[in-house]
Amino acid sequence: MTGSFSERIRKARKHIGLSATEAASMAGLTRKSWERYELDINEPKASSLSMLVERGIDANWLLTGKGSMIQSQGDIPETTPLDPDLLRIIIEELETFRQTHKPAWDSTQVARIIVLAYAMMAAERQKGNIPDPASLHFLMQAAAL
């Protein structure tokens, strides 16, 4: 694994050549809010992560630290590309759960929940089912114990 979640956010921002102010603006945040992500004080919102992914950062690397930081451009990708829409749904559900239940999760725990939720919902899609974001609440409730 490559550093903490907050360290990967900072590294990704720097890699795509953005200042903290520019990244904050693109994510619709204040510079102070963005800096809190990079200092592991606050958890990033879905739009913040999506902004980085849309600019070439590999979402799997960003969440887990595994694989390459850069989205694969070759014929044989290092990892299966993540679906940004599915990722956005998961992070939005996570944010809603956190606002309601206020669990004391650190950024590493949040990243693990996102990875597990993504795997769960992607598996449902592979079975031909439409993933139900409400089913993520069971995973989040278990993680909050």
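Along each chain, residues carry numbers from 1 onward, in the same order as the chain's sequence is written. Two thresholds apply to this predicted model, a pLDDT of at least 70 for residue-level local features and 80 or more for giving and counting side-chain atom pairs, whereas whole-chain, interface and lining totals are computed over all residues. Just so you know, side-chain values use all the structure's heavy atoms and leave hydrogens and water out.

I'm lost on the pattern of salt bridges in this one. Help?
Pairing of side chains with opposite charge becomes possible as their charged atoms draw close. The working definition used for a salt bridge is a side-chain nitrogen of Lys or Arg within 4 Å of a carboxyl oxygen of Asp or Glu. The full count for this structure, using the stated rule, is 7 salt bridges. With a closest N to O distance of 2.4 Å, Asp83 and Arg125 form a salt bridge. With Asp83 in the loop between helix H5 (59–64) and helix H6 (84–101) and Arg125 in helix H7 (residues 107–126), this residue pair connects regions lying 42 residues apart in the sequence. A 1.4 Å probe rolled over the protein chains alone gives each residue an accessible area, and that area as a share of the maximum for its type sets the label: buried under 20%, exposed over 50%, partly exposed in between. Looking at Asp83, the relative accessible area reads 22%, which means it is partly exposed. A relative accessible area of 39% means that Arg125 is categorised as partly exposed. Connected through shared salt-bridge partners, Arg10, Arg13 and Glu38 make up one network. Under the scheme used here, helices are H or I runs from DSSP no shorter than 4 residues and strands are E runs no shorter than 2 residues, and both carry numbers assigned from the N terminus.

What exactly am I supposed to notice about the environment of Ser50 here?
By the element assignment, Ser50 lies in helix H4 (residues 46–54). When the C-alpha positions of Ser50 and Leu62 are compared, they lie 10 Å apart, and in sequence the two are 12 residues distant. In this structure the side chain of Ser50 is engaged in a polar contact, spanning 3.3 Å, whose partner is the side chain of Arg88. N or O atoms closer than or at 3.5 Å make up a polar contact, with two conditions inside protein: a donor-capable atom paired with an acceptor-capable one, and, for residues adjacent in sequence, both atoms drawn from side chains.

So what exactly am I meant to see when it comes to the packing of aromatic side chains here?
The description of two aromatic rings rests on the distance between their centres and on the angle between their planes. In this analysis, rings of Phe, Tyr and Trp, with Trp reduced to its six-membered ring, are considered paired at centre separations within 6.5 Å, and the interplanar angle assigns stacked below 30 degrees, edge-to-face beyond 60, and tilted for intermediate values. Overall, the coordinates contain 2 aromatic pairs when judged by the stated rule. Seen in terms of ring centroids, Phe97 and Trp105 are 5.8 Å apart; in terms of plane orientation they differ by 5 degrees. Their pairing is stacked.

Before we go on, may I ask you to explain the nonpolar core in this structure?
The nonpolar side chains of a soluble globular protein tend to be buried with one another. Residues grouped as a nonpolar core are buried Ala, Val, Leu, Ile, Met, Phe, Trp, Tyr and Cys residues, joined through side-chain atoms within 4.5 Å. If you look at the biggest cluster of nonpolar residues, it comprises 36 residues, and the most contacted ones within it are Trp34, Leu52, Leu62, Ile90 and Ile114. Those elements giving two or more residues to this core turn out to be helix H1 (5–15), helix H2 (20–26), helix H3 (31–38), H4, H5, H6, H7 and helix H8 (136–144). Throughout, a residue-residue contact means that at least one pair of heavy atoms, one from each residue, lies within 4.5 Å. Setting aside chain neighbours within four positions, we find Leu62 in contact with Phe5, Arg8, Ile9, Ala12, Leu49, Leu52 and Ile57.

Can you walk me through the environment of Glu92 in this structure?
Turning to its location among the elements, Glu92 is positioned in helix H6. Classification of Glu92 by relative accessible area gives partly exposed; the value is 40%. Here the alpha-carbon distance between Glu92 and Arg31, two residues 61 residues apart in the chain, equals 22 Å.

Could you clarify how one ought to interpret unusual backbone geometry in this entry?
Note: most peptide bonds trans; most residues except glycine with negative phi. Positioned with a positive phi, Asp40 is a non-glycine residue whose angle comes to about 60 degrees. Mapped onto the elements of the fold, Asp40 is located in the loop between H3 and H4. Residue class for Asp40 comes out partly exposed when judged on its relative accessible area of 35%. At Lys102, a residue that is not glycine, the phi angle is positive and equals roughly 50 degrees. Topologically, Lys102 is positioned in the loop between H6 and H7.

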